[in-house]
Structure formats: C-alpha cells, structure tokens
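Residue strings, one per chain:
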Amino acid sequence: MSKNILITGGAGFIGSHVIRLFVNSYEDYNIVNLDLLTYAGNLENLTDIKDAPNYTFVKGDICDADLMDQLFEEHQINAVIHLAAESHVDRSITDPLSFIRTNIFGTATLLNTARKYWKGREDVLFYHVSTDEVYGTLGETGLFTEATSYDPRSPYSASKASSDHLVRAYYHTYDLPVVLSNCSNNYGPNQFPEKLIPLIINNIKHNKQLPIYGDGKYTRDWLWVKDHAEAIDLIFHQGAVGETYNIGGHNEWKNIDLVELLCDLMDEKLGRPQGEARKLITFIKDRPGHDRRYAIDAAKIQDALGWTPSLNTQEGMTETIKWYLDNEQWMENVTSGEYQKYYDDQYA
Ligand code: NAD
Ligand code: DAU
C-alpha cells in the first residue's frame, strides 16, 4: 500500500526539513503538507521541492475539523506526522491561549479525525513530534529519559505535555496506532530568528545588542535540525507503536558559552577583529519560569534504532552561520513586518 502522509507544520523550521527529506527520499509516497502559514510558517523554506510530483501543499488550520475530514478523505491519508504548533516559549508567556488552541485543541482535532477515519485499522500511524520541555527542568546533573515524570512550567511546555497525553490517551482508549518523540533544542537553516541562535547571528551581523536572559548559565542540549529529521524518518519507519523516543544531541551548552562561540565564529567569518562581537553581549531581565537545564538521554533511540547525531557543535554552528549569511534575503523577509514590533516589545 502506498503511503499518503499528512505532515502538519511543514512550512516551519523543523517541518520543512522533514518534508524535504521525505519528498526526496520516498518518491512513491504522497506527502501532503498542511500548514496555516502563521508568522512562523514560510513557503520560501520549501522552494526547491515545491513542484515535486509527490508533494502537495494545503494552507489550513489543524483546528478546522471539517478541513481535516476533507483532507483525510481526499488524499486517503494513512499516516500523520504532526509538527504544527505554536513553538516559542516567550510568546507563550504573553499569549498563552494561542498555544492552548493550536497545541492542545489542534492536536485533539487531528487525533479525532484519525480515529474516525481509520476506524481501528492497524496499517496506519499517528506520529506526534514533541519536546523535552515537557519534563520540566534539571539541576546540575542528570538526564531526561523516556521514564522521567512530566513537569512542564511554561504555557508552551504545558500545552505540549497536554498534547502528548492526548496522543497516549487515544492509543490506550481507541487503539489508535501512535508513536511519539521528545526532542531537545534544534538549530540550523530556516529557524525563525526569535529563537536564540539565529537571533544572535542576525544581531552580530547588524552590530545590535546580544540579549542574554538572567545570568546566562541556563543550559540547553543542541541538535542539528537535519539530525532531528533523520531521527523522525527512522522512528516513523521503525519505531514501535505506542512507544516514545527521546532525541538529543549529547551536546550541552550554557547559553553564554554558546553565544561566545557564535561571537568568535562570526568575527572570523566577517573578517572583524576577534573579541568585537563579544562586546555586544548584554545581560537582560530573565524569562519568567525559565527552566535551568535540559539534557537528553538518547540511549533508547540509539540502541533500538541505531540513531546518533552526525555533526559536532563547531561544524554545526559554522554551517548554520554560513546559511544565514548566504540567505540574507530570507532573513530580511522574515524580520520585516510583524516581527519588528515583536522584537521591539520583547527587548524594549
Ligand atoms: P515553527 O514555529 O518553526 O513551525 C511551526 C509551524 O506550524 C509553522 O509553519 C506554522 O505556520 C505552523 N502552524 C502553527 N499553527 C498552526 C495551525 N493551527 N494549523 C496548521 N499549521 C500551524 O516550529 P518548529 O521549531 O519547527 O517546531 C516544530 C515542532 O517540533 C513543534 O511541535 C515543536 O513543539 C516541536 N519541537 C521543536 C523543537 C525546536 O527546537 N524548535 C524541539 C523539539 C520539538
Ligand atoms: O528544548 C526544546 C525546545 O527548544 C522547543 O520545544 C522549543 O520549541 C524551542 O523554541 C526551544 O525552546 P527554548 O526556550 O529552549 O529556545 P530559545 O531559543 O527561545 O532559547 C534558548 C535559550 O536561550 C533559553 O535558555 C532562553 C535563552 N535566550 C533566548 C532568547 C530568545 C536568551 O538568553 N535570550 C534570548 O533573546
């Protein structure tokens, strides 16, 4: 049976890498990209594959139950890879209800269509893409495993935790075949510049202040986005139904250390004297409820599916910087308009 896969959020950062990987790797699959094209969705992320014969784009909202019914029927959908979400923690603090609507109600709407349309079939799969933020925060030591209790602290992570619970509830209650993954911080091409790494790269380029929340000693486990897409591919094809897989880079960085690395790499790349960019570092008011440390134990996916990250940080950051500097027009397009007001309000 051919696979007709509905990928949600495919015009966003991670979704666009997943769409490209699937469209290019599986010519016999039909890939339907459903995306509302919010401020974070951008079809420029997909110009290279937009005319591929196995690819269809649909602009629409995962909360629209009639549209979901129509898409499942029209495209005979037999698998879902669900990435659509409101994804930025800072925005969830100022506008929590949008996160609750899309991340909880939207996921529930999709699950419900899948349940109705698939009616107990076993040759189908609902793959839910989630985050390590559902586990809350770590102290100085320890790692998140798949058995770590949920303890979300921001409206974003609480909404993602809720969506994870709904996915598992549909598995247990309705036997809907599901699989989940919880991943650490991604970086790489096409990430919207509200997120730390592209924000810092863009600000260094324009000699603007580099805003560091609190003491800068918050720690994140960074993963090259294409490694995440590869992990999603593996889990989609080989993951066990009902299981959860943690995905992470084994790559912990305190924010300040990572920003200093970016500063030094950017000085070198732009031909500026070493130390120049570091002068732009500015410590600012902390993010409310800021989780101190995330770090993933990725042993399960490594042992079960043989996945490991491919790039080290130096290579990954160098590639990332190169992409943003080579794609100035992309950056200009996404930072014009609404984003400017967001930036001014956030960093006033
Ligand atoms: P993103 O914000 O870049 O992209 C989200 C996409 O979803 C956008 O294209 C947007 O237009 C679309 N979207 C939003 N609301 C929608 C709606 N109601 N209907 C249809 N489409 C809608 O996000 P991202 O960073 O690519 O994250 C993708 C997924 O991966 C999210 O579920 C996120 O929680 C998860 N995740 C992200 C990271 C990370 O580091 N970025 C890490 C782990 C997990
Ligand atoms: O861990 C996975 C999560 O990673 C994903 O689920 C989220 O969708 C994704 O946005 C990301 O969340 P973070 O909050 O960790 O990412 P962000 O890039 O916003 O921030 C990374 C760290 O940098 C965090 O400790 C906050 C800090 N930060 C961020 C910004 C935007 C700053 O110090 N200054 C900033 O201006």
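The notes below deal with the structure included here. (Residues numbered from 1 in each chain as written. Chains lettered and ligands numbered in written order. Predicted model: local features only at pLDDT ≥ 70, side-chain atom pairs only at ≥ 80, totals over all residues. Heavy atoms only, no water.)

A separate point is the site of ligand 1. Around ligand 1, 28 residues are found, and the nearest of them are Ile14, Asp35, Ser87, Tyr156 and Lys160. Asp35 is positioned with one of its side-chain polar atoms (N or O) 2.5 Å from an oxygen atom of ligand 1. Between Leu37 and ligand 1, the recorded distance is 3.4 Å, taken from a backbone N or O atom to an oxygen atom. Broken down by element, the residue count for the shell around ligand 1 peaks at 3 residues, all from strand β5 (residues 125–131). Counted by class, the shell around ligand 1 contains 13 nonpolar, 12 polar and 3 charged residues. (Near = heavy atom within 4 Å. Polar contact = N/O pair within 3.5 Å; in protein donor to acceptor, adjacent residues only side chain to side chain. Helix = DSSP H or I, 4+ residues; strand = E, 2+ residues; numbered from the N terminus. Nonpolar A, V, L, I, M, F, W, Y, C, P; charged D, E, K, R; others polar.)

So, about the sheet that holds strand β1 (residues 4–8). An order of β3-β2-β1-β4-β5-β6-β11 is seen for the 7 strands of this open sheet, with the pairing classed as parallel. At either end of the open sheet lies a strand with only one pairing partner, and these are β3 (55–59) and β11 (244–247). The sheet shows a mean angle of 15 degrees between the axes of neighbouring strands, direction not considered. Two strands pair when backbone bridges link them, and strand β4 (residues 79–82) and β5 are joined in this way by 4 bridges, in the parallel orientation. Counterpart to His82 in the pairing with β5 is His128. In the packing of helix α2 (residues 65–75) onto the sheet, contacts are made with β1, β2 (30–35), β3 and β4, and the angle to β2 comes to roughly 170 degrees. Running at roughly 155 degrees to β5, helix α5 (residues 155–174) makes contact with β5, β6 (178–183) and β11 of the sheet. (Pairing = 2+ DSSP bridges. Axes fitted to C-alpha atoms, helices over the stretch in contact; angles between N-to-C directions. Contact = heavy atoms within 4.5 Å.)

This paragraph deals with the environment of Asn251. Along the polypeptide, Asn251 turns up in the loop between β11 and β12 (252–254). Asn251 gets classed as buried once you look at its relative accessible area, which sits at 12%. With 66 residues separating them in the primary sequence, Asn251 and Asn185 have C-alpha atoms 9.9 Å apart. Excluding anything up to four places from it in sequence, Asn251 contacts Arg220, Asp221, Trp222 and Thr313. (Buried < 20%, exposed > 50% of the residue type's maximum accessible area, 1.4 Å probe, protein only.)

Next up on the list: the packing of helix α8 (residues 255–270) against helix α10 (residues 313–326). In contact at an axis separation of 10 Å, α8 and α10 are set at 55 degrees when each is read in the N-to-C sense. By the angle between their directions, the pair α8 and α10 is classed as oblique. α8 and α10 meet at a crossing whose hand is right-handed. For the pair α8 and α10, the contacting residues are Leu258, Leu261, Leu262, Leu265, Met266, Lys269 and Leu270 in the first and Thr313, Gln314, Met317, Thr318, Ile321, Lys322 and Leu325 in the second. Here the contact of α8 with α10 is composed, by residue class, of 9 nonpolar, 3 polar and 2 charged. (Parallel < 35°, antiparallel > 145°, perpendicular 65-115°, else oblique. Left-handed = near helix turned anticlockwise from the far one by under 90°.)

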